[in-house]
Amino acid sequence: MKKLLIIGQVWPEPTSSAAGTRMIQLIDCFKKTEFEITFACAASKSDFSFDLKSKDVSEVEIKLNDESFNQFIKDLNPAIVLFDRFMIEEQYSWRVNQECPNALKILDTEDLHFLRNARQTASKKGIDFTNELLFSDLAKREIASILRSDLSLIISKKEIEILEKEFKIDESLLYYLPFLEESISEEKVKSWKKFEERKHFMFIGNFIHEPNYNCVQVLKSEIWPILRKKLPKAELHIYGAYPTQKVLQLNNPTERFFVKGRAENAQETMSLYKVLLAPIKFGAGVKGKFVDAMQTGTPNITTKIGAEAMQENLNWNGYIANDTEDFIEKACLLYENEKQWEDAQNNGIEILNSHYNRHLFEDKF
């Protein structure tokens, strides 16, 4: 049986982040092609780490920057090595080359870190984002990692466009593989809570990820003070793994702004709410929160950056609004208008079934 070694930056936590869910989806893909899989990682496990052994995946703890890895991979002799993000490729690929020069090296980018970083820099400086900001030291490292790898998995068509047009990366080195989701059936739609059964707004996002904390700041200071006055019975509930003290201290019941912390099951939690608010100002890749929203029939309001590469030529699962006034207006509209709300649900079904149906991609994998 062919052997696959995955070197993880962290042990996958699908209940904590979209990145964790993505890794489990990749493992499932390789399992279907009958690979014997080993997952190796130098990080410590948490209480939320996925039990990979339940999927018949071997778990190996490795040491960072240690030559013991050389003997480990030489003995394993995998046909394919998958690096979880470019930083892992930087740390381990040269050792892979030494001991297993014939192994196929695949980089799972998750999202382009240099793109996310450039947008964050522009946002913090209060300047317009331009492509010139892409050409950073971080970009040099990530592009070098892509060029050293035999193939890079890219989750966003927008990112493929940037790599090909701005950095002249040959298309043969890039493989488009989005989130791999079950299609939404009529039976599933019937199980969703109806408009009149749902209430309140919500946001969800892993707080290790800077764009998510920024979203909560924007909601707290710019959007909710106005929106709560327009909808005096509505509340805003904030969810996310690893909330820091600076997140938790934003909780304010008198303002109907509640910081709830980790959601044990993101989709079950989201299915109770009427509207997801996500004023994303910077970031990259594809957002797992919007996949969950479509899977649970929860319309959302986000920005152009938030919906990037997910909408394509279809209508959004709610509204795209880039300024505060428009964002608040659209939030009120979705919250109060059942017809608009149901139309947004249907848009989400079409986006997910057209662009993220796992069967469209697994058969080609």
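Up top is the structure these notes are about.
First things first, this report covers the structure right here in the doc. (Residues numbered from 1 in each chain as written. Predicted model: local features only at pLDDT ≥ 70, side-chain atom pairs only at ≥ 80, totals over all residues. Heavy atoms only, no water.)

**Observations concerning the overall build of the protein chain**
Helices and strands together make up the secondary structure of the protein chain, namely 15 helices and 13 strands. Against the 2.2 N^0.38 benchmark of 21 Å for 365 residues, the protein chain shows a C-alpha radius of gyration of 21 Å, consistent with a compact globule. By residue count, 55% of the 365 residues in the protein chain fall in the buried class. Considering only intrachain contacts with a sequence separation of at least 6, the fraction spanning at least 24 residues in the protein chain is 70%. With the model as given, the accessible surface of the protein chain reaches about 16,600 Å², and the carbon-plus-sulfur share is 47%. In the protein chain, 48 side chains carry a positive charge and 56 a negative one; their mean positions are 4 Å apart. (Helix = DSSP H or I, 4+ residues; strand = E, 2+ residues; numbered from the N terminus. Rg over C-alpha atoms; globule rule 2.2 N^0.38 Å. Buried < 20%, exposed > 50% of the residue type's maximum accessible area, 1.4 Å probe, protein only. Contact = heavy atoms within 4.5 Å. Areas by Shrake-Rupley, 256 points an atom, 1.4 Å probe, with all protein chains shown as cover. Lys, Arg positive; Asp, Glu negative; His and termini not counted. Charge placed at Lys NZ, Arg CZ, Asp CG, Glu CD.)

**Examining helix 1 (residues 18-32)**
Note that an α-helix has 3.6 residues per turn; residues three or four places apart therefore point the same way. Here helix 1 spans 21 Å end to end across 15 residues, near enough to the 21 Å set by a 1.5 Å rise per residue. Within helix 1, the full set of buried residues consists of Gly 20, Arg 22, Met 23, Ile 24, Gln 25, Leu 26, Ile 27, Cys 29 and Phe 30. At its buried positions, helix 1 is contacted by strand 1 (3-8), strand 2 (36-41), strand 4 (80-84), strand 5 (104-108), strand 6 (151-154) and helix 15 (359-362). Count one or two residues on from helix 1 and you reach Glu 34, which has phi positive near 65°. (Expected span 1.5 Å × (residues − 1).)

**Description of the layout of surface pockets**
Taken as a whole, the second largest pocket spans an internal volume of roughly 730 Å³. Surrounding the second largest pocket, 32 residues form its lining, Lys 281, Thr 303, Lys 304, Ile 305 and Asn 322 being those nearest its centre. Breaking the lining of the second largest pocket down by element, the ones donating at least two residues are helix 4 (113-125), helix 6 (157-166), helix 8 (210-230), helix 12 (304-307) and helix 13 (324-336). Considering each element in turn, the lining of the second largest pocket owes the most residues, 4 residues, to helix 6. (1 Å grid on protein atoms, 1.4 Å probe; cavity = no way out; pocket = protein on both sides within 12 Å on 5 of 7 lines; lining within 4 Å. Points joined across faces, edges and corners; volume = space filled by probe spheres on them.)

**Observations regarding the environment of Arg 116**
Secondary-structure assignment places Arg 116 in helix 4. Put simply, Arg 116 and Ala 331 are 215 residues apart on the chain and 26 Å apart in space, counted from C-alpha to C-alpha.

**So, the sheet that holds strand 1**
With parallel pairing, the 7 strands of this open sheet are ordered in space as 3-2-1-4-5-6-7. Unpaired on one side and paired on the other, strand 3 (58-61) and strand 7 (174-176) mark the two borders of the sheet. Within this sheet the neighbouring strands show an average axis-to-axis angle of 25°, counted without direction. Bridging between strand 4 and strand 5 involves 5 bridges; their strand directions are parallel. Each residue of the ladder has a partner; that of Asp 84, found in strand 5, is Asp 108. Packed on one face of the sheet, helix 3 (residues 86-99) meets strand 1, strand 4 and strand 5 and runs near 150° to strand 4. (Pairing = 2+ DSSP bridges. Axes fitted to C-alpha atoms, helices over the stretch in contact; angles between N-to-C directions.)

**So, helix 13**
Spanning 13 residues, helix 13 covers 18 Å between terminal C-alpha atoms, matching the ideal 18 Å at 1.5 Å per step. Among all positions in helix 13, only Asp 326, Phe 327, Ile 328, Lys 330, Ala 331, Cys 332, Leu 334 and Tyr 335 are buried. Close packing links the buried residues of helix 13 with strand 8 (201-204), helix 8, strand 11 (275-278), strand 12 (300-302), strand 13 (318-320) and helix 14 (338-355).

**What about the packing of aromatic side chains?**
For the structure shown, the criterion picks out 12 aromatic pairs. Ring geometry for Phe 201 and Trp 224: centres 6.1 Å apart, planes at 75°, overall edge-to-face. Residue Phe 201 is located in strand 8, and its partner Trp 224 is located in helix 8; the two are separated by 23 residues in the primary sequence. Assigned by exposure class, Phe 201 and Trp 224 land together as buried. Ring geometry for Phe 290 and Trp 316: centres 5.5 Å apart, planes at 80°, overall edge-to-face. In this pair, Phe 290 sits in helix 11 (residues 288-295) while Trp 316 sits in the loop between helix 12 and strand 13, placing the two residues 26 residues apart along the sequence. No difference in accessibility class separates Phe 290 from Trp 316, as the two residues are buried. In textbook terms, an aromatic cluster arises when at least three aromatic residues are bridged by ring pairs, as seen for Phe 69, Phe 72 and Tyr 92. For Lys 246, the ring lying beneath its charged end belongs to Tyr 213, and the centroid distance is 4.3 Å. Over the face of the ring belonging to Tyr 319 we find Lys 330, whose NZ or CZ atom lies 5.7 Å from the ring centre. (Phe/Tyr/Trp six-rings, centres within 6.5 Å; stacked < 30°, edge-to-face > 60°. Lys NZ or Arg CZ within 6 Å of the ring centre and 35° of its normal.)

All we've got here are geometric facts, nothing functional implied.
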